[in-house]
Amino acid sequence: MSSHNNSTATDATANAAANSAANSTYIPVTADHFRTRLAKAEDIVAEQNLAGFLVSPGPEFQYLTGSTFSSHERATFLVLRAGKDPVAVCPETDVLTLKQENLDELGFRFEAWRDGQSPYEITRRLLEENSEHKAVAVANAMTADHVLRLDAALPNHSIELGSDAMSQLLLAKGEEEISQLAAAAAAIDRVHEQVPALLRDGVTEREVADKLHDLILQEHHSIDFIIVGCGENGANPHHSFSDRVLHTGEPVVVDLGGAFGDGYRSDSTRTYVVDGAVDKAPQEFRDAYEVVTRAFHAAREVAKPGATAESIDRAAREIITEAGYGENFSHRLGHGIGLSTHEDPFYLEGNKQQVQEGFTFSIEPGIYVAGKWGMRLEDIVVLEADGPRHLNQQPRELR
């Protein structure tokens, strides 16, 4: 945060929140989970006739190994191939670190390189052991400098996005992932539960955000973002917070998220009214919030296994458009969530990806009227056989 004044909730509230977080139940991700994920990734490499799947540090790396390791500008690749042991191509300076972060236990062989040597040539040699397969999938988190250098080093191979090749592995979440996302949602719900008491006449967005900073950290390992947008600032979907003073009856958009457990993310938005004085909020705003609420429920009704991502977006967008606010709903309906706050699939027009059981994603319609006010209603859901199960449980009406 740009400003943090170390303000906290009362001791009693802080202790209760800390105890609540400590008592959260979820399934920890174990070495057996990582072995299963790696085996499934190698099976997909074989099924799709890939020369390999190359994973650089980032969410996919963490998903497959549990490691949040970063080699900074130096190249590190997990090389997954069909029928062969996994290999970690990494700087020699980082071999011991990666061994300590489970890769040794998970059966990785290490191909270390020193400054002045080429990790791309090492990777080419490994991939050419499966030379009859031409396509290579790379992790979405791989940066352009490494992708371009790999492309130059692999003239006999084509490169494709790992999210496409590995969609069946990465999109549908396992039981352990859903349990952690549910616990993360409960954690951010406990923060939202305390928001109405913070939104009082005369305080600033920044003062509210400072208190939310502390409350989120009582429930999470780290903070991803804090949005406190009062009045006209709520019309900016990605406003953070400012020194703008809150006044009784003004709308406030509060969007919060953090990292929880083994790195799974929370993300939930509620729209509030300062001092809870909903009857003093503009009538136009209150009417528009009814529209957003209907759009929210329309999207969840369409969200069934086999529906397309765009059809879920369209269900909400049609209601907002019919009410005359189509131009004021400026973003996609939602996004996948897991070890990243925003991940595939994205719920927007043109995405014909069919959703399946185990997909976890946000439903977050909004209306933003420049110079006046904004609103958003966001829950994280997990798709089950009969539709979405909401992981967030805080009240959805104006408060």
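Going by the structure above, here's the rest.
About the thresholds
- Every residue gets a number counted from 1 within its own chain, in the order that chain's sequence is written.
- Only residues with pLDDT of at least 70 are given local features in this predicted model, and only at 80 or more are side-chain atom pairs given and counted; all residues enter the totals for whole chains, interfaces and linings.
- Each side-chain value is derived from all of the structure's non-hydrogen atoms; neither hydrogens nor water enter the calculation.
- Counting from the N terminus, the helices are DSSP H or I runs at least four residues long and the strands are E runs at least two residues long.
- What qualifies as a polar contact is a pair of N or O atoms within 3.5 Å, subject to a donor-acceptor requirement within protein and to the restriction that residues adjacent in sequence count only when both atoms come from side chains.
- Only heavy atoms enter the contact rule, under which two residues are in contact if any of them lie within 4.5 Å.
- The pairing criterion for strands is at least two bridges between them, as found by DSSP.
- As a rule, the C-alpha atoms of each element are fitted with a line to give its axis, helices using only the stretch in contact, and angles between N-to-C directions run from 0 to 180 degrees.
- Think of a nonpolar core as a cluster: buried Ala, Val, Leu, Ile, Met, Phe, Trp, Tyr and Cys residues, connected wherever their side-chain atoms sit within 4.5 Å.
- For every residue, the accessible area (1.4 Å probe, protein chains only) is compared with the maximum for its type, and the residue is labelled buried under 20%, exposed over 50%, or partly exposed between those bounds.
- To estimate how far a helix should extend, the number of its residues minus one is multiplied by 1.5 Å.
- For this quantity, the arc is that covered by the directions from the helix axis to the C-beta atoms.

Participant: Explain the side chain of R300 to me, please; I cannot follow it from the model alone.
Facilitator: Topologically, R300 is positioned in helix α12 (residues 283–302). A polar atom in the side chain of R300 sits 3.2 Å from the backbone oxygen of P388. Residues in contact with R300, not counting those within four places in the same chain, are I363, P388 and H390.

Participant: Explain the sheet that holds strand β1 (residues 50–55) to me, please; I cannot follow it from the model alone.
Facilitator: Within a sheet, adjacent strands bond to each other through the backbone by hydrogen bonds, running parallel or antiparallel. Pairing is mixed across the open sheet formed by six strands, whose spatial order is β4-β3-β2-β1-β5-β6. Because the sheet does not close on itself, it has two edges, and the strands there are β4 (109–113) and β6 (158–161). In this sheet, neighbouring strand axes are inclined to one another by 25° on average, regardless of whether the strands run parallel or antiparallel. In this sheet, β4 lies alongside strand β3 (residues 87–91) in parallel orientation, the contact comprising five bridges. Directly across from A88, in β4, lies its bridge partner F110. Where helix α2 (residues 31–47) meets the sheet, it contacts β1 and β2 (77–80), and its direction lies at approximately 60° from that of β2.

Participant: How do you make sense of the nonpolar core when you look at a structure like this?
Facilitator: Soluble, globular proteins show a tendency: their nonpolar side chains are buried together. Core analysis: the largest hydrophobic core is formed by 39 residues, its most contacted members being F53, L64, F108, M166 and L169. Looking at this core element by element, the count peaks at five residues for α2. By size, the runner-up hydrophobic cluster in this structure holds 35 residues, among which are A281, F285, I320 and M375.

Participant: What is the right way to read the pairing of strand β15 (residues 373–376) from this model?
Facilitator: Consecutive side chains of a regular strand alternate in pointing toward one face of the sheet and then the other. Burial along β15 is two-sided: W373 and M375 facing one way and G374 and R376 facing the other are all buried. Bridge count between strand β14 (residues 366–369) and β15: four bridges; the pairing is antiparallel. If you follow I367 over to β15, its bridge partner there is M375. Hairpin connection, β14 to β15: the antiparallel pair is bridged by three residues, and G371 has positive phi, about 80°.

Participant: What exactly am I supposed to notice about α2 here?
Facilitator: Residues separated by three or four positions in an α-helix point in the same direction, a consequence of the helix having 3.6 residues per turn. Between its terminal C-alpha atoms α2 stretches 24 Å, which fits the 24 Å expected from 17 residues at 1.5 Å a residue. Listed as buried for α2 are F34, R37, L38, A41, E42, I44 and V45. In a view along the axis of α2, the buried residues occupy a sector of 155°, so they form one face of it. Facing away from the buried surface of α2 by more than 90 degrees, the exposed residues are D32 and E47.

Participant: Would you take a moment to explain α12 for this structure?
Facilitator: Given a rise of 1.5 Å per residue, 20 residues ought to cover 28 Å, and the 29 Å separating the end C-alpha atoms of α12 matches this to within 8%. F285, A288, Y289, V291, V292, A295, F296, A298, A299 and R300 are the residues of α12 that are buried.

Participant: Explanation requested: the pairing of strand β16 (residues 379–384) in the structure shown.
Facilitator: Buried residues dominate β16, accounting for five of its six residues. Pairing of strand β13 (residues 360–363) with β16 involves four bridges; the strand directions are antiparallel. Of the residues in β16, the one forming a bridge with I363 is D379. Examined bridge by bridge, β16 and strand β17 (residues 387–390) share four bridges and lie antiparallel to one another. Paired with L383 across the two strands is P388, which belongs to β17. From the end of β16 to the start of β17, which pair antiparallel, there are two residues.

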